[in-house]
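One-letter residues, chain by chain:
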Amino acid sequence: MGGGAGDHAALPHVVVVGGGIAGLAAALAVREQSGGRVRVTVIEASPSVGGKLALTEVAGIAVDAGAESMLARRPEGLALAAAAGLEDDVVHPAVAGASLWSRGRLRPLPNGTLMGLPGDLRSLAASRTLSRRGLARVPLDRVLRRTPVTGDVSIGAYVTARLGREVVDRLVEPLLGGVYAGHADEISLDAALPQLAGLVRTERSLLRSVETVLVAGAAGAAGAAGAAHPVFASVRGGLGRLPEAIAATSCADIRTGTTVREITRVPDGWRVVVGSAAAPETVHADGVVLALPAGPAARLLRQHAPYAADDLASVEYASVGLVTFALRASDVVDRLQGTGFLVPPVEGRVIKAATFSSAKWGWLHDIAGDLAIVRTSVGRHREVADLQRDDPDLAAIALADLADALGVGELHPVDAVVTRWGGALPQYPVGHLDRVARVRRALADLPALAVCGAGYDGVGIPACVASGRAAAARVVDSVAERREWVHG
């Protein structure tokens, strides 16, 4: 990135605040987009980079403590893994097919769905996920008068009007719960299902709109089931390996355990104040990328863009927890079919999903030996009572739900580990896209500063990577203009 130490110090300097996947993607993109002519510092408050991509251990086996897969039908995540030297370690699920724990038993998730919206009525009927009455209501969508959509609406409200409430409760809610840990009656149709949102404004039938999206091959960007090619991907050894690999490839200066207290505009860029109040340190930056959750970003932006800060401060987040079990494979033999199951909230269970990790991922099956690794997830937006239980109590309740779903009576795990992610998932309520647009308009006049992360354009890994790369491009362009060099 430069010759001697003096040459390196003379290079333009970009500070990335936040070392999650969006921040790391931004750091790598700054290096790539500048042809190595910008030095990068990533400042992360926690002890390690990666955010919600992390590894933990259960029964001595390394497993993912956060996200364990990414969409394979958007290119950004896979491209980032390749850039970090992990292309040969990319893996896809060894088994296919998920289930729903609906109306008292595990039932196959219907084929050809888009975030739970049915595209194959025969498969929907065969799954017996809905009651006879609920199933009979669905095809009325084809003859009902148009449901006007003039502005943003909630997914729950629109789907209820077109397909009936049971589709929302039994199909849409568990899918949205897995992605956003939110509620269908609050989540924005425009933000969560953008490829569908345009169609419902021109097409009378929601079923026909879903079929159009699926046929066009766009379902992979929103979590389709039953597709011909792998929908999901991970990394051998766990997706939690990805952050360190990206950090190393970026050649950035990584500073963990360091808090950014303030950013201030100065004539030649930005002054970034880090460290404790008692011993603050000032870092000069030509450009800044804020790869932070909305609340901390709002705090740093308050003096420069108060209206943007107000919007960001209004973003709500859901907390979630994971309980990962190591079970004796003989105790669950023939019970772990497919990749796992989702749980509709109307079932009244504590767990909202279970992933049969050692069945889903061949690499994990190979090292687990006579153990079966299963992880369960808990928590939805504004529903924190169960997350306030202590670890043994939460694990016991999750285990009881898992045993009930599998129909095996009691389970006696070899080991269990509880992972909690407070304020993990930003909520995308009706009007979310307008809020994001207002934030970006308010920041447009701030030179060489950009925001990115899950709070803006999508919560999945590919979306966060794309957000980080876009923020990097804006900052590099601004720095290049001011420093009068041409980036590659």
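Residues numbered from 1 in each chain as written. Predicted model: local features only at pLDDT ≥ 70, side-chain atom pairs only at ≥ 80, totals over all residues. Heavy atoms only, no water.

Turning to a positive patch on the surface, a few remarks are in order. A cluster of basic residues, Arg103, Arg105, Arg128 and Arg132, forms a positive patch on the protein surface. In this structure, Arg128 sits in the loop between α4 (121–127) and α5 (132–137). Of the residues examined, Arg128 reaches a relative accessible area of 60% and is grouped as exposed. (Patch = residues over 30% accessible without salt bridge, like charges linked within 9 Å, V, L, I, M, F, W, Y side chains within 5 Å. Areas by Shrake-Rupley, 256 points an atom, 1.4 Å probe, with all protein chains shown as cover. Salt bridge = Lys/Arg side-chain N within 4 Å of Asp/Glu carboxyl O. Lys, Arg positive; Asp, Glu negative; His and termini not counted. Charge placed at Lys NZ, Arg CZ, Asp CG, Glu CD. Helix = DSSP H or I, 4+ residues; strand = E, 2+ residues; numbered from the N terminus. Buried < 20%, exposed > 50% of the residue type's maximum accessible area, 1.4 Å probe, protein only.)

Bringing the layout of surface pockets into the picture now. Volume-wise, the second largest pocket comes out at about 290 Å³. Taken together, 20 residues line the second largest pocket, and the ones lying closest to its centre are Pro345, Arg349, Val350, Arg380 and Glu383. For the lining of the second largest pocket, the secondary-structure elements that each account for two or more residues are α7 (165–180) and β20 (351–355). Examining the composition of the lining of the second largest pocket, we find that three residues originate from one element, α7, more than from any other. Its residues assigned to classes, the lining of the second largest pocket comprises nine nonpolar, three polar and eight charged. (1 Å grid on protein atoms, 1.4 Å probe; cavity = no way out; pocket = protein on both sides within 12 Å on 5 of 7 lines; lining within 4 Å. Points joined across faces, edges and corners; volume = space filled by probe spheres on them. Nonpolar A, V, L, I, M, F, W, Y, C, P; charged D, E, K, R; others polar.)

Right, let's get into helix α12 (residues 294–301). Taken as a whole, α12 has its buried residues at Ala294, Ala297, Ala298, Leu300 and Leu301. The buried residues of α12 all sit within an arc of 165 degrees when viewed along its axis, so they share a single face. (Arc of directions from axis to C-beta.)

As a further point, take the packing of aromatic side chains. The final tally for this structure, using the stated rule, is three aromatic pairs. Between Trp101 and Phe341 the ring centres are 6.0 Å apart and the planes differ by 80 degrees, which places this aromatic pair in the edge-to-face class. Pair noted here: Trp101 is in strand β7 (residues 98–102) and Phe341 is in strand β19 (residues 340–342), with a separation of 240 residues, a long-range link. Look at Tyr180 and Tyr428: their rings are 5.5 Å apart centre to centre, the planes differ by 50 degrees, and that puts the pair in the tilted class. Placement of Tyr180 in helix α7 and of Tyr428 in the loop between β22 (415–426) and α17 (432–443) is noted, with a sequence separation of 248 residues between them. For the pair formed by Tyr180 and Tyr428, the shared burial category is buried. (Phe/Tyr/Trp six-rings, centres within 6.5 Å; stacked < 30°, edge-to-face > 60°.)

Here we come to the pairing of strand β3 (residues 55–58). A regular strand places its side chains so that they alternate between the two faces of the sheet. In β3, alternate side chains face the same way, and those of Thr56 and Val58 are buried while those of Leu55 and Glu57 on the opposite face are not. Here β3 runs beside strand β4 (residues 61–64); their pairing, made up of four bridges, is antiparallel. Note that in β4 the partner of Val58 across the bridge is Ile61. Remark: two residues form the turn of the hairpin made by β3 and β4, two consecutive strands paired antiparallel; Ala59 in that turn has positive phi of roughly 55 degrees. (Pairing = 2+ DSSP bridges.)

One open sheet holds the three strands; their spatial order is β14-β15-β16, and the pairing between them is antiparallel. This sheet does not close on itself; its edge strands, each paired only once, are β14 (260–266) and β16 (280–285). Here the strands of the sheet are splayed against their neighbours by 25 degrees on average, with no regard to which way each runs. Relative to β16, strand β15 (residues 269–275) is paired through six bridges, and the arrangement is antiparallel. Across the sheet, the residue bridging to Val274 is Glu281, located in β16. (Axes fitted to C-alpha atoms, helices over the stretch in contact; angles between N-to-C directions.)

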